[in-house]
Each structure stands twice: as C-alpha cells, then as structure tokens.
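Here are the chains, one letter per residue:
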Amino acid sequence: MVKPYGMLRAGFPYVKCLGMRRVTNHPMDLAIGLDELIYVVCRGGEIARLMWDDDGSWDVPDREPIGGTGTEDGKFTWPVAMIRDKDGHLHISDEALHRITTLTTSGEFVSKWGEYGDGDGQLNHPSSIAFDAEENVLVVDTMNHRIQKFTKKGKFISKWGEYGDGPGQFNMPWGIALDDCGDIYVGDWRNHRIQKFTGEGDFVFQIGSLGSLDGEFYKPAGITIDCDDDIYVADSGNNRIQQFDANGRFVDKFIGDATLSVMARDYMLTNAHPNRLREMTTLEPAKRLRSPRSVRVTELGRMFVVDYGSYRVQVYQKEVVHLDSTQITPPMRSPTLAVV
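Residues numbered from 1 in each chain as written. Predicted model: local features only at pLDDT ≥ 70, side-chain atom pairs only at ≥ 80, totals over all residues. Heavy atoms only, no water.

(A) Here's a closer look at the side chain of R99. Here R99 shows up in strand β9 (residues 99–103). As a buried residue without a salt bridge, R99 has its nearest oppositely charged side chain in D73, at a separation of 4.8 Å. At 3.0 Å, the side chain of R99 and the backbone oxygen of T71 are in polar contact. Beyond its immediate chain neighbours, meaning those up to four positions away, R99 contacts T71, E72, K75, I92, S93, D94, K112, W113, G114, L123 and P126. (Helix = DSSP H or I, 4+ residues; strand = E, 2+ residues; numbered from the N terminus. Buried < 20%, exposed > 50% of the residue type's maximum accessible area, 1.4 Å probe, protein only. Lys, Arg positive; Asp, Glu negative; His and termini not counted. Salt bridge = Lys/Arg side-chain N within 4 Å of Asp/Glu carboxyl O. Polar contact = N/O pair within 3.5 Å; in protein donor to acceptor, adjacent residues only side chain to side chain. Contact = heavy atoms within 4.5 Å.)

(B) A look at the packing of aromatic side chains. Inspection of every chain in the model, using the stated rule, returns 14 aromatic pairs. Pairing F197 with F203 gives two aromatic rings, centres 6.1 Å apart and planes at 75°, and the pair type is edge-to-face. Ring plane angle 80° and centroid distance 6.0 Å describe the contact between F244 and F250, whose orientation is recorded as edge-to-face. For F250, a relative accessible area of 22% puts it in the partly exposed group. Through pairs of rings, three or more aromatic residues link up here, namely F12, Y14, Y232, F254 and Y316. The positively charged end of K16 is found above the aromatic ring belonging to W52, 4.6 Å away from the centroid. The lysine or arginine in question, R302, covers the ring of W52, its NZ or CZ lying 3.9 Å from the ring centre. (Phe/Tyr/Trp six-rings, centres within 6.5 Å; stacked < 30°, edge-to-face > 60°. Lys NZ or Arg CZ within 6 Å of the ring centre and 35° of its normal.)

(C) Geometry of the sheet that holds strand β3 (residues 27–32). Spatially, β3-β4-β5-β6 is the arrangement adopted by the four strands of the open sheet, whose pairing is antiparallel. Both outer strands of the open sheet, β3 and β6 (66–67), are each paired with one neighbouring strand and no more. By the bridge criterion, five bridges tie β3 to strand β4 (residues 37–42) in an arrangement that is antiparallel. Note on β4: the bridge partner recorded for A31 is Y39. (Pairing = 2+ DSSP bridges.)

(D) Quick peek at the pattern of salt bridges. Inspection of every chain in the model, using the stated rule, returns 23 salt bridges. One salt bridge connects K318 with D230, and the closest N-O pair in it is separated by 2.8 Å. Of this pair, K318 sits in the loop between β25 (312–317) and β26 (319–323) while D230 sits in the loop between β19 (220–225) and β20 (231–235), and the two are 88 residues apart along the sequence. Each of R9, D226, D228, D230 and K318 takes part in salt bridges that share partners, so that together they form one network.

(E) Representation of the sheet that holds strand β21 (residues 240–244). Across the sheet, four strands lie side by side as β19-β20-β21-β22; this open sheet has antiparallel pairing. Of all the strands in the sheet, just β19 and β22 (250–254) have a single pairing partner and so form its edges. Strand-to-strand twist in this sheet, taken as the mean axis angle between neighbours without regard to direction, amounts to 20°. (Axes fitted to C-alpha atoms, helices over the stretch in contact; angles between N-to-C directions.)

(F) Local environment of the pairing of strand β15 (residues 173–178). β15 sits mainly inside the fold: six of its six residues count as buried. As paired elements, β15 and strand β16 (residues 184–188) share four bridges and run antiparallel to each other. Each residue of the ladder has a partner; that of L178, found in β16, is I184. Connecting the antiparallel pair β15 and β16 is a turn made up of five residues, with G182 showing a positive phi of about 90°.

(G) Summary view of the environment of R296. With respect to the element layout, R296 can be found in strand β23 (residues 294–297). Considering only alpha carbons, one finds R296 and T282, 14 residues apart in sequence, at a separation of 30 Å. The residues contacting R296, other than those within four sequence positions of it, are D29, L30, M82, I83, T224, R302, M303 and F304. Of note is the side chain of R296, whose polar atom sits 2.7 Å from the side chain of D29. A polar contact of 3.4 Å, which involves the side chain of R296, links it to the backbone oxygen of M82.

(H) Region of interest: a negative patch on the surface. A contiguous patch of negative charge on the surface is contributed by D35, E36, D53, D54 and D266. Mapped onto the elements, D53 comes out in the loop between β5 (46–51) and β6. (Patch = residues over 30% accessible without salt bridge, like charges linked within 9 Å, V, L, I, M, F, W, Y side chains within 5 Å. Areas by Shrake-Rupley, 256 points an atom, 1.4 Å probe, with all protein chains shown as cover. Charge placed at Lys NZ, Arg CZ, Asp CG, Glu CD.)

Here it is as structure tokens:
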C-alpha cells in the first residue's frame, strides 16, 4: 500500500456505543465478521454477536451468543483475544486453558492447539494473538515472557524474547500488532511500554514508560495499527486509549464519551428503577473508559474501544485527509545547538 506524503488530521469524533451489561459482560476483544456482525468475546467465555446498525437485536435467536464457559471443545475459561482469518473463522486465545481455539462465526468448533509449559510450542497464559502476511499466528506467551510463531494449525515455527526490562526483553507482555511492512509491536504490560521489532524479532525502538502523562503507560494491554501506520494502545491502568504516529510520537488520547447503546435504551425503557437511579446520579463519570482491554481500527478508520469495566464498546471515527508533496512542507529538521 502506498503511504501518503502527509496527513491532515481533521478530527476523531465519538460515534456510538454498542453492548450493555448482561450482553457484553467484561468484554475483552472483538472482531468484525465478513457478515457485518461484530463479535465481542467476553471474559466469561461467551461471544456476543452485534449488528452495527441495530445492536438492540440481542434477543434474536440467530444472533444469540456463541462459545460459553467450560473446558470442552469450543468453550472458554479466560479468553483474552480474538482475530478473524481470511476464511472468516474466529481464533480465540484462552490464558487459563493455555490454548488457541478456532470457531466458525456460527459457533461451530473447528480446531484447538496449545499445551501448558515453557518448551518450544508450549504456552503459559497466552494473551493477544495476531496474523502475519502468511496467516501464521503470533502468540504473546505472557507468563513465558516471549513471542512465539505458529502455523495456523498450531505447528511451532519460532520464538523470541525473555524475561527482563532491557530492549527486546519482556515482563508479562500482552498486546501485539503488525504493520503493513511486517514489523511487530508488543505491549509490554509490566514494563509499561510498547516495543517495536522487525518481523524476525530484532528490537527497533521503544515507546513510553511508567506514568500517566501523555505518552506514558500504566499496564498497556491491547494494541493495533491502522492503515496510516498510526499506533493505538489500550492504556488499561490509565483508563484511556493513546494514539501515536509511526515514529512513536504521541498524537492524541481518548478517555471515553459513551452514550447509551440502542439495547441499553430499550432495556431502560422497561425498567423503572434503573431510570430513577440514573436520574439521581452525575452522568459525566459514566461516559469515561474503565480499564479498556483492546482497541481495533477498521480500514475505514472506525475505532472500536473494548470498554471492559463498563460492559460495552465505544466507537469513534477517524477523519483524515491524505496529502501529497504540494500540500505540506517537507519534514522539519530537529533544532540543534550551534558550536561556538
């Protein structure tokens, strides 16, 4: 994909909210299906299926949740991340069962792989997963403090990383994402930073450190890269999403602007007591993100924030104009001190 010479960042407004308590309880991650459904995997193991234009359809039989709690095939104990392959199948990591499970979008079990341990191809609390260009699966092997690569069927290919806080080392890594060049970005949860690597696992640079200022992190979780190579991080401990450019420069942050989803409004209209409670409280805190676990951005610039602590998904829309060399001056050189 040809990248623009520059960008006019016109805005990033809030659009809407999806889900609600009882439907998207403690959501962990989501994937957009080929059938326009939005699949939200929740901590308890259920995968809710929501429509973008009508998320109030949770009581429709053909959109009932799939998955569920359990240890048998097609069930989950502590799911963390979910990705969709080119065939439309969903791949879900389970940190309690130390495995990756594949389902169809209707919930039919396809396959599973992974076993507990610290040897090649073994897993210890896997968290985020991502596909490379060949649809090999990169797995964040959290408690083994490393990244492992597998075929889509679970055959071990390679590994890299070790425990520590130096370049290329990890302390309970969580999020992972790849850009169009195949470079890999890892959210280093307990080191409170993002690390960038080549596709072979060679360290490139680091973003952030412990803190709550712009560009700092406290327990970063999910991470994603959009078509403009902007980097988005679910800064879970700071209750926000942070956005960076391809060079790791802080661009923006999102703290939450939620309104009630369609299904939440329908529920409230049939329950008088919650309406009275909402009438009596201050609404501003209810808008904010609470421990977001994941962030996803579509090719159209629609950003989905998985708002774990508030049982919902907040959605924003990126507004950007791609510029050519006649519309923006060349990058400026950094100022330097003159030698006298």
